[in-house]
Amino acid sequence: MCDCAKCLSASALVTPRRRLLLGAATLAAFGATGWLPTANAEVPSNDIGGEEALKRLMAGNARYAANKPNMRDFSAGRAARVKTQKPIAAILSCSDSRVAPELAFDQNPGDVFLVRVAGNFVNDDGLASFEYAAKFLNVPLILVLGHNNCGAVDATVKVLKEQAELPGHLPELVNAIKPAVERASKGEPKNLLAAAIAENVRLAVQRLQTAQPILRGMVEQKKLMVAGGVYDLASGKVKLV
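Given the structure is predicted, the values throughout are model-derived calculations rather than measurements. (Residues numbered from 1 in each chain as written. Predicted model: local features only at pLDDT ≥ 70, side-chain atom pairs only at ≥ 80, totals over all residues. Heavy atoms only, no water.)

Caption draft 1: Main features of unusual backbone geometry. With an omega of 10°, the peptide bond between Gln212 and Pro213 qualifies as cis. One can find Pro213 in the loop between helix H8 (192–210) and helix H9 (215–220). Positive phi, normally seen in glycine, also occurs at Asn120, with a value near 40°. Topologically, Asn120 is positioned in the loop between strand E2 (112–116) and helix H5 (124–136). Judged by its relative accessible area of 2%, Asn120 falls in the buried class. (Helix = DSSP H or I, 4+ residues; strand = E, 2+ residues; numbered from the N terminus. Buried < 20%, exposed > 50% of the residue type's maximum accessible area, 1.4 Å probe, protein only.)

Caption draft 2: Broad picture of the sheet that holds strand E4 (residues 225–231). Spatial ordering of the open sheet is given by E2-E1-E3-E4-E5, a layout of five strands whose pairing is mixed. For this open sheet the edge positions go to E2 and strand E5 (238–240), each flanked by a neighbour on one side alone. With direction set aside, neighbouring strand axes in the sheet form an average angle of 30°. When strand E3 (residues 141–147) meets E4, the two strands line up parallel, connected through seven bridges. Bridged to Gly146 within E4 is Val230. Across the face of the sheet, helix H2 (residues 50–65) comes into contact with strand E1 (89–93), E2, E3, E4 and E5 while running at roughly 35° to E3. Its contacts with the sheet put H8 on E1, E3 and E4, and the angle it makes with E4 is roughly 165°. (Pairing = 2+ DSSP bridges. Axes fitted to C-alpha atoms, helices over the stretch in contact; angles between N-to-C directions. Contact = heavy atoms within 4.5 Å.)

Caption draft 3: Structural detail: the pattern of salt bridges. One pass over the full model with this rule turns up 10 salt bridges. With its nearest N and O atoms 2.6 Å apart, the salt bridge here joins Asp106 to Arg63. Taken together, the residues span a long stretch of sequence, with Asp106 in the loop between helix H4 (101–104) and E2 and Arg63 in helix H2 at a distance of 43 residues. The class of Asp106 is buried, set by a relative accessible area of 5%. A salt bridge links Arg98 to Asp96; its shortest N-O distance comes to 2.7 Å. Taking the relative accessible area as the measure of exposure, Arg98 reaches 47% and is therefore partly exposed. (Salt bridge = Lys/Arg side-chain N within 4 Å of Asp/Glu carboxyl O.)

Caption draft 4: Here's a closer look at helix H6 (residues 151–162). Counted at 1.5 Å a residue, the expected span for H6 with its 12 residues is 16 Å, and the 15 Å between its end C-alpha atoms agrees. Packing partners of the buried residues in H6 comprise helix H7 (170–185) and H8. Of the residues trailing H6, Gln163 is marked for its positive phi of about 55°. (Expected span 1.5 Å × (residues − 1).)

Caption draft 5: Representation of the side chain of Asp111 in the model. Tracing the sequence through the fold places Asp111 in the loop between H4 and E2. Within the buried set, Asp111 has no salt-bridge partner at all; the shortest N-O distance to an opposite charge, 6.0 Å, is to Arg72. (Lys, Arg positive; Asp, Glu negative; His and termini not counted.)

What follows is the structure in structure tokens.
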């Protein structure tokens, strides 16, 4: 017959050790899958090429749109990023609060170098930032990211079609986007706003591809790729244009 007191006593002595071993095994398993930060975390290399960088962004966008983002610990690699950054892409995005590139592409901290301005157009300040990213951070990819229902592009359409007047410095923003609306209008599209948004992205891509004295040479030498896409607010999906 079992001596219950002895069994309980033995169980009490063994359980903590077993729990410790099981906990260690669990931590090791999660560490092996990359879910937990390692003590010697390093900033991953961005020497991957533009095509691979774009592939990673689009794969991340597919996860985001499906609501299946990678699990991550945002503190992992924080100490390493104090000393350096190696983003896989530089992104020109609209300032719209509904567009969050790091989330939309499901990337880790330090993976994307962001430049944001309402209407996602290229001005001299933004161009200098991209030159820095390409020349000194060695980003292999620049992505221009527009989005549907863009207020900045819509305002430009209204100014050109309805002679609307805007206050403050907003006319300067309109002047920057105006060429895209004018070019889109020539095709007499059914949805001028959507066409202008896509055209605005294409014009920004063209300017970055041909910008002297740094970016054009890097593009021609295949050291840098420039691409463009439009983010859909409802679905979360990015479509390349």
